[in-house]
Amino acid sequence: QNNCKLFLPLDVVVAEKMAPGAPARVRDPGSIDDDERILDAGPETVDIGAALQSALKILAWKMPAAVAVEISLGGDLEVSGDRSALNQVWLNLLDNALREVGERGSICVRAERVGSEICASVTDTGPGIRAEDKPRLFEPFFSTRPTGEGTGLGLALCSRIVLAHGGRIDVD
């Protein structure tokens, strides 16, 4: 079983990273360790519950019939942030979960307000991550997939986006 949990503060100052009207930039994936801006759009109110449901709809075409998805969304789930960047986080996490469960299994998506944060998690019934791989999961270019099947950038990018929003992310 894999459980990726992240916490986003409700009120975060990200103005220096997200200047309103700033142009979108194309980044070289090889430069993910550079101090480039991860967030390109101006801050806006983002409903995390709606964003998670939207990501599930986008990925529905690749969801096998024998994969069950449980969704538990509680309360006010709005944060201030970069909608596009946060949507990329949900798409990456859910796509990873789908790959892990294969043709049958289950994925549980949860989000709730915990104090001054939103806690969101994606849990799957896949084979789990080896203990020796966990410390490297958020390193750029590290992948647990066979050669040629992954770039190792998905979780690294998720981590950078969550950190840029003043949050934290972990896998247990």
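For the structure, check the block above.
All figures in this text were calculated on a predicted structure; none of them were measured in a lab. (Residues numbered from 1 in each chain as written. Predicted model: local features only at pLDDT ≥ 70, side-chain atom pairs only at ≥ 80, totals over all residues. Heavy atoms only, no water.)

Caption draft 1: Just the pairing of strand β6 (residues 117-124), in detail. With 8 of its 8 residues buried, β6 lies for the most part within the structure. Here β6 shows no split at all, with Glu117, Cys119, Ser121 and Thr123 on one side and Ile118, Ala120, Val122 and Asp124 on the other all buried. Looking at chain direction, strand β1 (residues 2-9) and β6 are connected through 8 bridges and run antiparallel. Note on β6: the bridge partner recorded for Cys4 is Val122. Note: strand β5 (residues 104-114) against β6, 8 bridges, orientation antiparallel. Within β6, the residue paired with Ala111 across the bridge is Ala120. (Buried < 20%, exposed > 50% of the residue type's maximum accessible area, 1.4 Å probe, protein only. Helix = DSSP H or I, 4+ residues; strand = E, 2+ residues; numbered from the N terminus. Pairing = 2+ DSSP bridges.)

Caption draft 2: Region of the structure containing the layout of surface pockets. Space inside the largest pocket adds up to approximately 510 Å³. Lining the largest pocket are 25 residues, with Asn92, Asn96, Thr144, Arg145 and Leu155 sitting closest to its centre. For the lining of the largest pocket, the elements supplying multiple residues, two or more each, are β1, α2 (83-101), β6 and α3 (154-164). Top element by residues in the lining of the largest pocket is α2. It accounts for 6 residues. A breakdown of the residues in the lining of the largest pocket according to their chemical character gives 11 nonpolar, 10 polar and 4 charged. (1 Å grid on protein atoms, 1.4 Å probe; cavity = no way out; pocket = protein on both sides within 12 Å on 5 of 7 lines; lining within 4 Å. Points joined across faces, edges and corners; volume = space filled by probe spheres on them. Nonpolar A, V, L, I, M, F, W, Y, C, P; charged D, E, K, R; others polar.)

Caption draft 3: Focus on the sheet that holds strand β3 (residues 66-73). The sheet built from 5 strands is open, its strands ordered β3-β5-β6-β1-β7 with mixed pairing. Edge strands, defined here as strands with exactly one partner in the open sheet, are β3 and β7 (168-171). Here the average twist between neighbouring strands, direction ignored, is 10°. Pairing geometry for β3 and β5, over 8 bridges, is parallel. In the strand pairing of β5, Ile71 is matched with Val109. (Axes fitted to C-alpha atoms, helices over the stretch in contact; angles between N-to-C directions.)

Caption draft 4: A look at unusual backbone geometry. In this structure, Phe141 is a non-glycine residue whose phi angle is positive, near 75°. Along the chain, Phe141 turns up in the loop between β6 and α3. Exposure remark for Phe141: the relative accessible area of 48% places this residue in the partly exposed category.

Caption draft 5: How the structure looks around the pattern of salt bridges. Evaluation of the coordinates by the stated rule reveals 9 salt bridges. Close ionic contact of Glu44 with Arg83 constitutes a salt bridge, the shortest N to O distance being 3.0 Å. A residue pair is termed long-range when its members are at least 10 positions apart, and Glu44 in strand β2 (residues 44-47) and Arg83 in helix α2 qualify at 39 residues. Of the residues examined, Glu44 reaches a relative accessible area of 31% and is grouped as partly exposed. What makes Arg83 partly exposed here is its relative accessible area of 33%. When the shortest N-O distance is used, the salt bridge between Glu117 and Arg168 registers 2.6 Å. Note that Glu117 is positioned in strand β6 and Arg168 in strand β7, a separation of 51 residues in sequence. Accessibility expressed as a relative area gives 18% for Glu117, which makes it buried. Arg168 sits in the partly exposed class, given a relative accessible area of 42%. Three or more residues are tied together by salt bridges with common partners; here these are Lys62, Asp95 and Arg99. (Salt bridge = Lys/Arg side-chain N within 4 Å of Asp/Glu carboxyl O.)

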